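The residues making up each chain are set out below.
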Amino acid sequence: MLDYVLALDQGTTSSRAILFRRDGQPVAAVNEEFEQILPQPGLVEHDPEAIWSSQLQVAREVIARASVDPEDIAAVGIANQRETTILWDRDTGRPVANAIVWQSRVSAGICEKLKAEGLEQVFRDKTGLVIDAYFSATKIKHLLDTQEGLRTRAERGEILFGTVDTWLIWRLTGGRCFLTDYSNASRTLIFNIRSLDWDDELLAILGIPRAMLPDVRPSSEVYGETDPSWFGRAVPIAGCAGDQQAATFGQACFEPGSAKNTYGTGCFLLLNTGNQPVASQNNLLTTIGWGIGGEITYCLEGSVFVAGAVVQWLRDGLKIIGSSSEVERLAATVPNSGGVYFVPAFVGLGAPYWDSYARGTVLGITRGTTSAHIARAAVESMAFQTRDLVEAMQRDARIPLAGLKVDGGASVNNQLMQFQADILGVNVRRPVVRETTALGAAYLAGLAVGFWQSAGEISRYWALDNEFKPRVAPEQREALYGRWQKAVQRAKDWEEH
């Protein structure tokens, strides 16, 4: 009897492995951090071998810890940090450089040049993305431009490109499978999300040879098998998605209008828009959620740069709390923020403002303001920023938000979740299983091998931990949000440029 699915969740700071049962519940989980390489300010790299070795180690360890026979594992699913770029030698399998991480600004100059050439709309129309160093393609161009002879070798098919999923699948299969899925391909800035193929015009603009690109496959399909040496038997690799899309799938957001928000260092809000891409007029990203059985599900995505990180600043910068978990208790000592608004634009503002010159602002301070009011305003800033994204999404999609499913570290904060419901005017639902990224990868893999039969079955396993319902009157909600919008205007365009 095949009783488990193994999910590999390869993140920006750590690699995780979780075994899931047929009812979608985790059996065991193992996590291992790996080194962040910071060559200079604004540049972030990883050692691809450290990504691989840490992911293999936790996969083996979780199987051992759960005392599971590898024969009982039905499939492996992969979720991964998106946009991070790895180039390696096809013959030796060795990386030709460190991985350039999604956070790295190393290709910002390339992006500025592309925008100056008037190419923003060309890329936007084809990929659904904005030209930004965040995405993979300009990182590839940077490596090909700066390493002598690399582009020529890439043209001959000797050098391979992959995001982290491609790298892991290549290594897990002993180099037999060179592929990615639709969701990860849609984050590269060279994949046409309508024709579902690498775009020759964009490849030509960037000087990226098609020969170095992986095949693009559905997010739920048997791609190949792990080399028997890794786990003691060959296990099908059958599912793959970028981490935020995997979390959306793990939250069973299968219907148009369903949405999830992940409260991590930043916030990532994805709204299912159905089988047609919705072009954003409000500075959001159009992305592929997943592709299954010939059907593509599209999403609108908005990202907030600073969410949970504002709590870390209260701890490390202001030192008004000793640990992040103390913020809920401190904020609960006052009935409200006392008119204080905190716009945590430490590194500028993300969607829908995209203002890199904004800076953090605390407004409404009086002699009566205490550390508790500032803590409460900091927590509430996550909910206000989420409403900014929801407002933009609803204008773009013209789909009313039915409710919001939540996950991520800060979603354990009941006070924040209640305020989120209040400021959105919709129910906020937190699931029992909060490891939704790994769960989504497991579901995608399990569907491909018949471990689960349908999205309908998966939906039945989604279990509610707590539901937060709006408690404030509509006029109070709009008054609070109106003051937030006023505060954002004060924070914008602060730095000289």
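Criteria and cut-off values
- Residues numbered from 1 in each chain as written.
- Predicted model: local features only at pLDDT ≥ 70, side-chain atom pairs only at ≥ 80, totals over all residues.
- Heavy atoms only, no water.
- Buried < 20%, exposed > 50% of the residue type's maximum accessible area, 1.4 Å probe, protein only.
- Helix = DSSP H or I, 4+ residues; strand = E, 2+ residues; numbered from the N terminus.
- Pairing = 2+ DSSP bridges.
- Expected span 1.5 Å × (residues − 1).
- Phe/Tyr/Trp six-rings, centres within 6.5 Å; stacked < 30°, edge-to-face > 60°.
- Lys NZ or Arg CZ within 6 Å of the ring centre and 35° of its normal.

(A) Structural view of the pairing of strand 14 (residues 236–242). With 7 of 7 residues buried, strand 14 lies mostly within the body of the structure. Two elements, strand 5 (residues 73–80) and strand 14, share 5 bridges in a ladder whose sense is parallel. Within the sheet, the bridge partner assigned to glycine 77 lies in strand 14 and is glycine 239. Note: strand 13 (residues 220–225) against strand 14, 3 bridges, orientation antiparallel.

(B) Representation of helix 1 (residues 48–65). The terminal C-alpha atoms of helix 1, which comprises 18 residues, lie 26 Å apart, in line with the 26 Å expected from a rise of 1.5 Å per residue. Where helix 1 is concerned, the buried positions are Pro48, Ile51, Trp52, Ser54, Gln55, Leu56, Val58, Ala59, Val62 and Ile63. Positive phi appears at serine 67, one or two residues downstream of helix 1, with a value of about 55°.

(C) Structural detail: the packing of aromatic side chains. The full count for this structure, using the stated rule, is 20 aromatic pairs. Their ring planes at 85° and their centres at 5.0 Å tell us that phenylalanine 249 and tryptophan 290 sit as a pair that is edge-to-face. Taken together, the positions of phenylalanine 249 in helix 10 (residues 243–250) and tryptophan 290 in strand 17 (residues 285–292) put the pair 41 residues apart, joining distant regions of the chain. Like phenylalanine 249, the residue tryptophan 290 is buried in the burial classification. Between tryptophan 313 and phenylalanine 346, the aromatic rings sit 5.5 Å apart at their centres with planes inclined by 50°, giving tilted as the arrangement. One end of the pair, tryptophan 313, is in helix 11 (residues 309–318); the other, phenylalanine 346, is in the loop between strand 19 (341–343) and strand 20 (361–363), with 33 residues separating them in the sequence. Three or more aromatic residues link up through ring pairs in this structure, and these residues are Trp88, Trp167, Trp170 and Phe178. Above the face of the tyrosine 481 ring, arginine 387 is positioned so that its terminal group lies 4.0 Å from the ring centre.

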